[in-house]
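# Overview (structure and organization)
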Amino acid sequence: MNPELFLQEKIAQALNELFGLETSAGQISLQKTRAEFKGEFTLVTFPYIKVSKKSPEQTGEAIGTWLKSRTIETKEFNVVKGFLNISLNENSWLAFFSSLIKNNNYGFKTTGPDSKSVMIEYPSPNTNKPLHLGHLRNIFLGASVSELLKANGYHVIHSCLYNDRGTNISKSMLAWQMFANGSTPEFTGQKPDHFVGDYYVKFSNAYKEEIEKLIAEGLSKEDAEKHSELSKKVNEMTVAWEKGDSEIRSLWKKMNDWVYTGFNETYELLGIQPEKFYYESDVYDLGKETVQEGLEKGIFFQKEDGSIWIDLTAEGLDQKVVLRSNGTSVYITQDIATANEKERDFPIDKSIYVVGNEQDYHFKVLFLILKKLGKSYADHLFHLSYGMVELPTGKMKSREGTVVDADDLAKEVIDRAEEVTRAQGRIDHLSESEKKELFRILGLGALKYFILKVDPKKKMVFNPEESVDLQGNTGPFIQYSHARIRSVILNSDKNDNELLNLPIPAIDSLQKEELELLRLQHAFPSIIAEACLTYSPALIANFVYELARNFNQFYHEHSVLKAESQEIRQFRLQLSLKTGYLIRDAMKLLGIAVPERM
RNA sequence: GGCCUCGUAGUUCAAUGGAUAGAACGGAAGUUUCCUAAACUUUAAAUACAGGUUCGAUUCCUGUCGAGGCUACCA
């Protein structure tokens, strides 16, 4: 019994019999009835007044009367202007709940040998400094979308591209040579990616000083930058790296290994584990063949200085360089190569790049080039573009030191969760390691939810103070609701299995809070499908918040353990149990765990 | 200059073209001898502006104003 589908089918039938309209259940759009009216489902009748040749009110009356007289499932209806509000009877809802409670995979599709494969690439950082807040949005989005894809029956491969060479990396290396005196993260005891990041900052400061000094000596800013010794040394180092200078290569390897060690620690804390890494240092040269191929096909053209371009003005874009005059690769050359590598390495049906929207133009160009090159996979590439993260004070700027570090932020929210949870004093019986894990779950739950509840396409303002809030529309509020449900079950005389296997009792009348919980549970599968289709974890976040909020209202209005009758008590236990399961499942789609108690 | 986003309560976010635009935080006022008060209840408060399409527009189109991004032989 699926209440919505049932109504859609019946309404389609009614429209046919009453007005001769040929339509199908799938074309009937029902919406949730607004709280101030009675009913669970609402049909907007305006679209049908042409065929009914009646007023919106009369059309609603006619359909409502048809439903009431022809189906026993329809309890009652009311018409307000062009809106037909329909209530189903208790038995229909209980029958629905009966089928739902036994389904431990409710809302999820399973993967099998026939499943389509999707590769999803994130977070693909540079290897010269630690991860920051922007990477967190990237990681949380990537991880959640991966879960959504799995829930919709896809096989998911998580890849990550390391931008591990070039100017930025050389800067950190040069600063280490100049200032470190051979120091190491082991020696200073720092997290190794932070250690490397410090040298990147040291370079920036030294460079700034040098430029200021040159300007003080009378040079223009432009000339100063041109005459910078540091800048020259960076370029020399990059060239030396490309020539394979053994000393530079070994320093490069050492520093990158430090960064990877640090990144892996952060990945583990956040709960991600890329399966396949690509390295710019491996592929940066490989795109040249493809460029040559494109040149021969006449898709690219060469300028007098030897640089190779593509003209996309016919598509409303610009001319774009794909190979420098000195024959070296640019960013997009490497991306062409990486795309080829991915398709060669895996049989993938879809390839997703989780990258910020400042690169919208870049990906438009990249995909267009690959299509023009006749790559068969070009059509299944997708740029999952998300908005920037700003601070209340404005944009994050590394030069101005306003970047929020990922590790620091995670520590802060976990510490905050610990402080509050200890003060509540409900976890004294847990071991220290269990407590530590609980604080991690709660702190990261707050952080992940705070970021994922916003539509990924939109830019967001990240207020560090609000992100550690544990009240209102927050991760911990939802986690708390789950713990509350588990506590009720624990205090009952039945365990999960007993409740799952007991038949749903016949209840004469459902309370409006109970009905609302059933209606939300009913909507869960379509929310998962929609969230996957639109790559929007925010839909899941909004849903699970709504579910938790409604449970709390129900809990406040009606006693579960001291219900009016044994039947109602059992039903409420079953309803609570399933609500808890759905909260858990929905939160898992966001990459957030829920505790048994907190 | 050109191209692309986005303007919703004091703040941060919601709303397949549908009813009186929902929440949270913050403000005001309440609820605990009762299953976890990280909760619940009440209350004040918003669609930048001007046109258009539509039975109906926060949503679609045009213009104005405002914010951001892209527009490198950077990544």
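Definitions and limits used
- Residues take numbers from 1 onward in each chain, read along the sequence in its written order.
- By the order in which they are written, chains take letters starting at A while ligands take numbers starting at 1.
- Local features are withheld for residues below a pLDDT of 70 in this predicted model, meaning they are given only at 70 or higher, and side-chain atom pairs are given and counted only at 80 or more; totals for whole chains, interfaces and linings count all residues.
- Hydrogens and waters are ignored; side-chain quantities use all the structure's heavy atoms.
- Helical segments are the DSSP runs of H or I of at least four residues, strand segments are the runs of E of at least two, and each set is numbered from the N terminus.
- Contacts between residues were defined by any pair of non-hydrogen atoms, one from each residue, lying within 4.5 Å.
- Here the accessible surface of atoms and residues is derived via Shrake-Rupley with a 1.4 Å probe, and residues count as covered only by protein chains that are part of the display.
- Charge assignment: positive for Lys and Arg, negative for Asp and Glu; neither His nor the chain ends contribute.
- In this description, the location of a charge corresponds to atom NZ of lysine, CZ of arginine, CG of aspartate or CD of glutamate.
- Where a domain begins and ends is set by an automatic assignment or by a domain database.
- Any Lys or Arg side-chain nitrogen located within 4 Å of an Asp or Glu carboxyl oxygen qualifies as a salt bridge.
- Only protein chains enter the calculation, and the probe is 1.4 Å; a residue is then buried if its accessible area is under 20% of its type maximum, exposed if over 50%, and partly exposed in between.
- At least two DSSP bridges between two strands are required for those strands to pair.
- The axes used here are C-alpha line fits, helices contributing only the stretch in contact, and every angle between their N-to-C directions lies in the interval 0 to 180 degrees.
- In these notes the angle categories are as follows: under 35 degrees is roughly parallel, over 145 is roughly antiparallel, 65 to 115 is roughly perpendicular, and the rest is oblique.
- Residue classes follow a fixed rule: Ala, Val, Leu, Ile, Met, Phe, Trp, Tyr, Cys and Pro count as nonpolar, while Asp, Glu, Lys and Arg count as charged, and any other residue, Gly among them, counts as polar.

## Observations concerning the overall build of chain A
- A tally of regular secondary structure across chain A gives 23 helices and 15 strands.
- When the backbone C-alpha atoms are referred to their principal axes, chain A occupies close to 90 × 65 × 50 Å.
- Contacts spanning at least 24 positions in sequence make up 73% of the contacts within chain A whose residues lie at least 6 apart.
- Summing over all exposed atoms, chain A offers an accessible surface of approximately 28,300 Å²; the carbon and sulfur share of this is 49%.
- Computed over 72 positive and 84 negative side-chain charges, the inter-centroid distance for chain A is 3 Å.

## A look at the domain arrangement of chain A
- The domains assigned to chain A are domain 1 (3-88), domain 2 (127-276 + 339-389) and domain 3 (406-589).
- For domain 1 and domain 2, the distance between their C-alpha centroids amounts to 56 Å.

## Considering the pattern of salt bridges
- Tallied over the full model, the rule gives 38 salt bridges.
- For Asp285, the salt bridge goes to Lys288, with nearest N and O atoms at 2.8 Å.
- Judged by relative accessible area, Asp285 falls into the partly exposed class, the value being 39%.
- A relative accessible area of 26% places Lys288 in the partly exposed class.
- Of the charged contacts in the structure, one is a salt bridge between Lys375 and Glu293, with a shortest N-O distance of 3.8 Å. Here Glu293 lies in helix H13 (residues 287-296) and Lys375 lies in the loop between helix H15 (360-372) and strand S12 (381-386), a separation of 82 residues in the sequence.

## Remarks on the sheet that holds strand S8 (residues 300-302)
- The strand order across the open sheet built from three strands is S8-S9-S10, with neighbouring strands paired in antiparallel fashion. Since the sheet does not close on itself, it has two edges, and those belong to S8 and strand S10 (319-323), each with one partner. Between one strand and the next, the sheet's axes are offset by a mean angle of 40°, whatever the strand orientation.
- Note that strand S9 (residues 308-311) and S10 share four bridges and pair antiparallel. Considered in S10, the bridge of Ile308 is made with Leu323.
- Across the sheet, H13 lies against S8, S9 and S10, angled at about 90° from S8, the strand it touches most.

## Quick look at the packing of helix H6 (residues 167-179) against helix H8 (residues 192-216)
- At a minimum axis distance of 8 Å, the contact between H6 and H8 shows a crossing angle of 85°. In terms of their interaxial angle, H6 and H8 are classed as roughly perpendicular. Contacts between H6 and H8 pair Asn168, Lys171, Ser172, Leu174, Ala175, Trp176 and Phe179 from the former with Phe195, Val196, Tyr199, Tyr200, Lys202, Phe203 and Ala206 from the latter.
- For the contact of H6 with H8, a count of residues per class yields ten nonpolar, two polar and two charged.

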